[in-house]
Amino acid sequence: MSQTVATPAPPARDERLGRRSALARLLARPEMGALVGAIVIYIVFFIVAAPFREATSLSTVLYQSSTYGIVAVAVALLMIGGEFDLSAGVAVTSSALVASMFSYQFTANMWVGVVVSLVVALAIGFVNGYLVVKTAIPSFLVTLGTFFMLRGLNLAMTKQVTGNVATNDVSNIDGFGSAQNVFASQFTVGGVSIRITLLWWILFVAVATWVLLRTRVGNWIYAVGGSAPSSRAVGVPVNRVKIGLFMAVSFLCWFTGMHTLFAFNTVQSGLGVGNEFIYIVAAVVGGCLLTGGYGSAIGAAIGAFIFGMAQLGIVYAGWNPDWFYFFLGALLLGAILLNTYIRRRAEASR
Amino acid sequence: MFRSRKRLLAAVLALGLVVTAGGCSESGGKQAEEGAAGVGAGKASTARITIAMVTHGAPGDTFWDIIQKGAKAAAEKDNVDLKYSSDPSSGNQANLIQSAIDSKVDGIAVTMPDPPALIPVIKKAIAAGIPVVAINAGITSFAESGVLSYFGSDESLAGEAGGTRASEGGYKHVLCVIQFQGQVQLEDRCNGVKKTFTGKWTKIYVNGADRPSEQSTIAAKLKQDPSIDFIITLGAPDALAAINAIKDSGSKAKLGTFDFNPQIPPKIQSGELQFAIDQQPYLQGYEAVDSLWLYKANGNILGGGKPTLTGPFLVDKQNVDFVGKFAAAGTR
Amino acid sequence: MTTTTEAPAKTPLVRLTACDKSYGNIIALGGISLEVDAGEVTCVLGDNGAGKSTLIKIIAGLHKPSHGSYEVDGVPVTFDSPREALERGIATVYQDLAVVPLMPVWRNFFLGNEVRKRLGPVRRLDIDFMRKTTKKELLDMGIDLRDVDQPIGTLSGGERQCVAISRAVYFGAKVLILDEPTAALGVKQSGVVLKYIVQARERGLGVIFITHNPHHAYPVGDRFLLLKRGKAIGYYSKDEITRDELTAQMAGGAELDELHHELQRGGKAAAEAAHVLEEEVQELGITHEPTAGS
């Protein structure tokens, strides 16, 4: 690094900046590796699986990806902020159960259940965040605890309230139709049926990206994940940011839970277990650092797309179902390796 | 009283949020649907005994819940103190049986999904003078283990019934949807279907813990192989995902399922589901407790050393109205 | 102890008078007095455990002194948090610099003090302004960065230190506390940092420069406070002490003597080392008498 003091009037734009090409700058973005991985996997399945080429198949893949991707967006923000949430998978089910049971038991309008469920979901996020910042125990352990607790609560509460392990059908409760329109409707564009979750997903990714890159809160999210003590020293409200991130995760869990409820009318209390890892995988494949401080919301979206594409691509290709998880793992590993390779190249070219 | 406790819990769940008057639903909901009647009967005057039921059921599964309900109904009638426990891992299940022996219960009902792991501990129970009956899983090895009776369905037989039914409908290509990998009874069902189905047979694994994923995967499979004209799911909730998947993919395939839950009868009535093969878990739970009680009270043994089958019981448009009302009460 | 009462009209920016700090029955700091004027560098010297960090924490508002008074601009203060100290213009640059290595230079520069502009109902970052300001402020300090978008972790240690200093200056620091800014740096990088300390002084800031290296302290310092085991062992203005005296005080003449005796007893090779040490002691002009006994 040179220390030359240039002309007295510094140019507004450094002439050396121009030489660093726009391409190099683009390649240095956290999600670039994942994007290349997604394109490669898309091309692979486009070649080997004839049904994959159809627009309706892409629509199914995008729907599948959106159900992972919506939560993965918030999980990515949380990971950038330096924390994990292992309770995200079952929190989706908790939200759906609360909304469904509340409206059914009190014979209330569906929207009342939806709002109550939102309050409960945000409370779960707040408790997760509060425990993490107050106890200073790694979030991996705290949310592992809440994961098991929620899993138990989902079952026990459902059984206590409904007497069954699944909720009653709520499809003829007032407000179900309008709620379904919001959370689980579909429409047709050019003969291809599009799920509304896809639009919500795009919206959430856009908002999260804008918040991360263009707002003060976004700056703080990167900062608390990159170095919490440093952030605290310059006056960033670290605890509030972290609690807020946990609540953002539970908000999108709630949203996905609402989708599950209104797409299927009933909810089984055992659902959702294992999905927390899919969200984390999506964020990591999308370029988020497991240690925090680095990543992007778009990357997490691409990660979810890769996961959805690999999962369904194997089916479209008609590969032996016994080997499904092997292929899935191999594809993900391939995507991660490619991602890492591209990021190293980008860093070397700085 | 029971009803008000439920309401209290629901209120706690809502974190004290007050429902406004305008938020009430005019249709559906609890007020519109009458509470379940349940199976009620008189009560035995025999001395109170304790019976342990140890299964491999996963917590939160409708099926195991119905087994428990049957067991509870019998326990209430027979003046039995029922201790239910379960663990899907056979090692842990063996430990649960051991702890039942240690606590000197008067009888044990077990499932035997993994006979080599469970038979030694079952023999220990018998040696300790505790009568044991097997339910649900273990039809091939219950005799070897020395238990009194077996109440359950033959999974292969149930699968064969499904295959036969699908063949009768004239279908050419059946897809068997397995919701968890590596479970013997699920594989047995699919293989049973394969055995009697006259057309082509294909299987697929889906993630049973994630409905949207399950739905997309089935839709993708239907797209990949348009010749599939019949789908058999192995669990009742999975049938709902398959119904959506058929709509999604624009496929003309028809659907049958194993097992039963309250959502199934309306789907059979509407024609979205052709049939459901019920193995009557309520009966398995009920008979397990009742037969142990009979053995203690009167020395009776059911089955004569042969399995007592609780299924397959095929529900279709013909009998759905009759069975459906019990399902709505959560006992079928 | 010297006094500076000959110019009563001039109120020091920061004045500590007979400050004590004890944790339970452990006395971390005892009877420390210190003054910092605008446009002056006050160096605090001492070895590990001398009480330097406790002193910083008191001035920075992290701890309150157990006894004694703390005045800013002649007004007694009690700070409950570093934030309050910051509001009074007392900024601390810690050893870890309070920077986030993975974030761009400009985001670090404005972290916690982001500049925003209104966009309808929401407020967003004024990125353009922050980029330009960062570049300009660093240039004013004499650092010409190629790209303020590069992660601050890619800068050299000295440069990072300078970003932290110019950040504190930009956000209105009147008193700058620098905690061992040269400790982890090589000679060249240390020189760069010392240059910026002088720059800050030229801009009229009061600087408290914590170090254990008298060679770094002497060229830039106006006053020197020497700490040892929580006590002041000397407080000098620059005209009262030479560099060698400072070094000698820091090294501790008595300890050098002891070291000398110890080495002499250790055989031939050690005696040679002892000789070298003795020469060094003389060169430094240590006038300490050997202690009686061993």
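Remember, it's a predicted structure, so these values are computed and weren't measured experimentally.

**Let's talk about the overall build of chain C**
- Along the backbone of chain C there are 10 helices and 12 strands.
- Burial statistics for chain C: of 294 residues in total, 42% are counted as buried.
- A separation threshold of at least 6 residues defines the contact pool for chain C, and within that pool the share at least 24 residues apart is 68%.

**Some details on the overall build of chain A**
- Secondary structure summary: chain A contains 15 helices and two strands in total.
- Since a compact globule built from 350 residues should have a radius of gyration of about 20 Å, the 22 Å found for chain A is in line with a globular shape.
- Taken along its principal axes, the extent of the C-alpha atoms in chain A is 75 × 55 × 35 Å.
- A burial count over chain A gives 57% of its 350 residues as buried.
- Considering only intrachain contacts with a sequence separation of at least 6, the fraction spanning at least 24 residues in chain A is 78%.

**Structural notes on the pairing of strand β6 (residues 173-178) of chain B**
All names here are of chain B.
- Across the six residues of β6, five count as buried, placing the element largely inside the fold.
- Pairing between β6 and strand β7 (residues 200-205): six bridges, direction parallel. Paired with Cys 176 across the two strands is Lys 203, which belongs to β7.
- You can see the chain leave β6, run along helix α8 (residues 184-196) and come back into β7, and the turn it takes is right-handed.
- The pairing of β6 with strand β8 (residues 230-233) spans four bridges and is classified as parallel. In the sheet register, Val 177 faces β8, and the bridge partner there is Thr 233.

**A look at the nonpolar core**
- With 246 residues, the main nonpolar core has Val73(A), Val75(A) and Leu176(C) as its most contacted residues.
- Per element, the largest residue contribution to this core is 17 residues, and it comes from helix α12 (residues 238-264) of chain A.
- Those residues in contact with Leu176(C), other than ones at most four positions away along the chain, are Ala91(C), Val93(C), Ile165(C), Ala168(C), Ala200(C), Leu205(C) and Val207(C).
- If you look at the next biggest cluster of nonpolar residues, it comprises 47 residues, including Ala52(B), Ala71(B), Ala94(B) and Leu283(B).

**Here's the deal with the interface of chain B and chain A**
- With 49 residues of chain B at the interface, the matching set in chain A holds 56 residues.
- Mapped onto the side of chain B that touches chain A, the elements with two or more residues apiece are α1 (2-13), α2 (29-32), α3 (62-77), β7, α9 (211-224) and α10 (236-249) of chain B.
- Broken down by element, the residue count for the side of chain B that touches chain A peaks at 10 residues, all from α9(B).
- Class assignment of the residues belonging to the side of chain B that touches chain A gives a composition of 20 nonpolar, 16 polar and 13 charged.

**Observations regarding the UniProt feature "transmembrane region" (unreviewed entry) in chain A**
Residue and element names in this part refer to chain A.
- When the UniProt feature table is mapped to this numbering, "transmembrane region" (unreviewed entry) covers residues 26-49, 61-79, 110-133, 140-157, 192-213, 243-264, 270-290 and 323-342.
- Secondary structure across residues 26-49 comprises 79% helix and 0% strand; the distance between its end C-alpha atoms is 31 Å.
- Helix makes up 100% of residues 140-157 and strand makes up 0%, while its end C-alpha atoms are separated by 25 Å.

**Structural notes on the sheet that holds β8(B)**
Residues and elements named next belong to chain B.
- With respect to topology, six strands assemble into an open sheet ordered β7-β6-β8-β9-β10-β12, the strand pairing being mixed. Either end of the sheet is taken by a strand with one partner, and the two such strands are β7 and β12 (313-316). Here the strands of the sheet are splayed against their neighbours by 20 degrees on average, with no regard to which way each runs.
- Pairing between β8 and strand β9 (residues 254-258): four bridges, direction parallel. Residue pairing across strands places Ile 232 opposite Gly 256, the latter belonging to β9.
- Each of β6, β8, β9 and β10 (275-278) touches α10; the most contacted strand, β9, lies at about 170 degrees to it.

**Quick look at the confidence of the model for chain A**
Residues and elements named next belong to chain A.
- The predicted model of chain A has a mean per-residue pLDDT of 87, with 91% of residues at 70 or higher.
- Looking over chain A, one finds the lowest element-wise mean pLDDT in helix α1 (residues 15-19), namely 49, and the highest in helix α6 (residues 110-135), namely 96.
- Low pLDDT (under 50) marks residues 14-18, which in the prediction has three contacts with non-local residues, meaning those over four places away or in another chain.

**So, unusual backbone geometry**
All names here are of chain B.
- Unusually for a residue other than glycine, Lys 104 sits at a positive phi of about 55 degrees.
- On the secondary structure map, Lys 104 appears in the loop between α4 (90-102) and β3 (107-111).
- A positive phi angle, near 55 degrees, is found at Gln 280, a position not held by glycine.
- Checked against the element boundaries, Gln 280 lands in the loop between β10 and α12 (281-298).

**Quick notes on the pairing of strand β9 (residues 175-179) of chain C**
Residue and element names in this part refer to chain C.
- For β9, the tally of buried residues reaches five of five residues, placing the bulk of the element in the interior.
- Burial of β9 is two-sided: the residues Val 175, Ile 177 and Asp 179 facing one way and the residues Leu 176 and Leu 178 facing the other way are all buried.
- With four bridges joining them, strand β6 (residues 90-93) and β9 adopt parallel strand pairing. Residue pairing in the sheet places Ala 91 in a bridge with Leu 176 of β9.
- Taken together, the five bridges between β9 and strand β10 (residues 206-211) define a ladder with parallel strand orientation. Counterpart to Ile 177 in the pairing with β10 is Ile 208.

**Thoughts on the packing of helix α10 (residues 216-226) of chain A against α12(A)**
Residues and elements named next belong to chain A.
- Axis separation between α10 and α12 bottoms out at 10 Å; the angle between their running directions is 105 degrees. With respect to α12, the axis of α10 lies roughly perpendicular. Of α12, the residues touching α10 (which contributes Trp 220, Ile 221 and Val 224) are Val 238, Val 241, Lys 242 and Leu 245.
- Class assignment of the residues belonging to the contact of α10 with α12 gives a composition of six nonpolar, no polar and one charged.

**Thoughts on the sheet that holds strand β2 (residues 80-86) of chain B**
Residues and elements named next belong to chain B.
- With parallel pairing, the six strands of this open sheet are ordered in space as β2-β1-β3-β4-β5-β11. Lying at the two open borders of the sheet, with one neighbouring strand each, are β2 and β11 (308-309).
- Relative to β11, strand β5 (residues 150-152) runs parallel, the two being bridged by two bridges. Looking at the pairing, Phe 151 lines up with Thr 308 of β11.

**A word on the environment of Gln284(B)**
All names here are of chain B.
- Positionally, Gln 284 belongs in helix α12.
- Given 27 C-beta atoms within 10 Å, Gln 284 falls into the buried group.
- Residues Gln 284 and Glu 160 lie 124 residues apart in sequence; the distance between their C-alpha atoms is 20 Å.

**Focus on the environment of Gly175(A)**
- Among the secondary structure elements, Gly175(A) is positioned in the loop between α7 (139-162) and α8 (176-184).
- Overall, the presence of 19 C-beta atoms within 10 Å leaves Gly175(A) in the partly exposed class.

**With respect to helix α4 (residues 55-80) of chain A**
Residue and element names in this part refer to chain A.
- The principal kink in α4, of about 35 degrees, is found at Gly 69.
- A large share of α4 lies buried, amounting to 23 of its 26 residues.
- Remark: Gly 82 follows α4 within two positions and exhibits a positive phi of approximately 90 degrees.

**Points about the packing of α6(A) against α12(A)**
- For the pair α6(A) and α12(A), interaxial distance at closest approach is 7 Å and the crossing angle is 145 degrees. Between α6(A) and α12(A) lies a crossing of right-handed hand.

**Description of the environment of Gly129(A)**
All names here are of chain A.
- Relative to the helices and strands, Gly 129 resides in helix α6.
- Owing to 28 C-beta atoms within 10 Å, Gly 129 belongs among the buried residues under this scheme.
- Sequence separation of Gly 129 and Met 247 is 118 residues, and the distance between their C-alpha atoms is 7.5 Å.

**Quick notes on helix α5 (residues 115-127) of chain B**
All names here are of chain B.
- A rise of 1.5 Å per residue sets the reference length of α5, with its 13 residues, at 18 Å; its end C-alpha atoms lie 17 Å apart and thus fit the reference within 8%.
- All buried positions along α5 are accounted for by Leu 118, Val 121, Ile 122 and Ala 125. Buried residues of α5, seen end-on, are gathered within an arc of 110 degrees and therefore sit on one face of the element. Every exposed residue of α5 that faces more than 90 degrees away from the buried side is listed here: Pro 116, Pro 120 and Ala 127.
- Structurally, α5 contributes buried residues whose contacts are with α4, β3, β4 (132-135) and α6 (142-145).
- Just downstream of α5, Gly 129 is the residue with a positive phi angle, here 85 degrees.

Reading the values: rules and limits
Residues numbered from 1 in each chain as written. Chains lettered and ligands numbered in written order. Predicted model: local features only at pLDDT ≥ 70, side-chain atom pairs only at ≥ 80, totals over all residues. Helix = DSSP H or I, 4+ residues; strand = E, 2+ residues; numbered from the N terminus. Buried ≥ 20, exposed ≤ 12 C-beta atoms within 10 Å, placed from the backbone. Contact = placed C-beta atoms within 7 Å. Rg over C-alpha atoms; globule rule 2.2 N^0.38 Å. Pairing = 2+ DSSP bridges. Right-handed = clockwise from strand over helix to strand, strands pointing away. Core = buried A, V, L, I, M, F, W, Y, C linked by C-beta atoms within 7 Å. Nonpolar A, V, L, I, M, F, W, Y, C, P; charged D, E, K, R; others polar. UniProt positions renumbered as here; feature names shortened; annotations may be inferred. Axes fitted to C-alpha atoms, helices over the stretch in contact; angles between N-to-C directions. pLDDT = per-residue confidence, 0-100. Parallel < 35°, antiparallel > 145°, perpendicular 65-115°, else oblique. Bend = angle between axes of the 7 residues up to and from the residue. Left-handed = near helix turned anticlockwise from the far one by under 90°. Expected span 1.5 Å × (residues − 1). Arc of directions from axis to C-beta.

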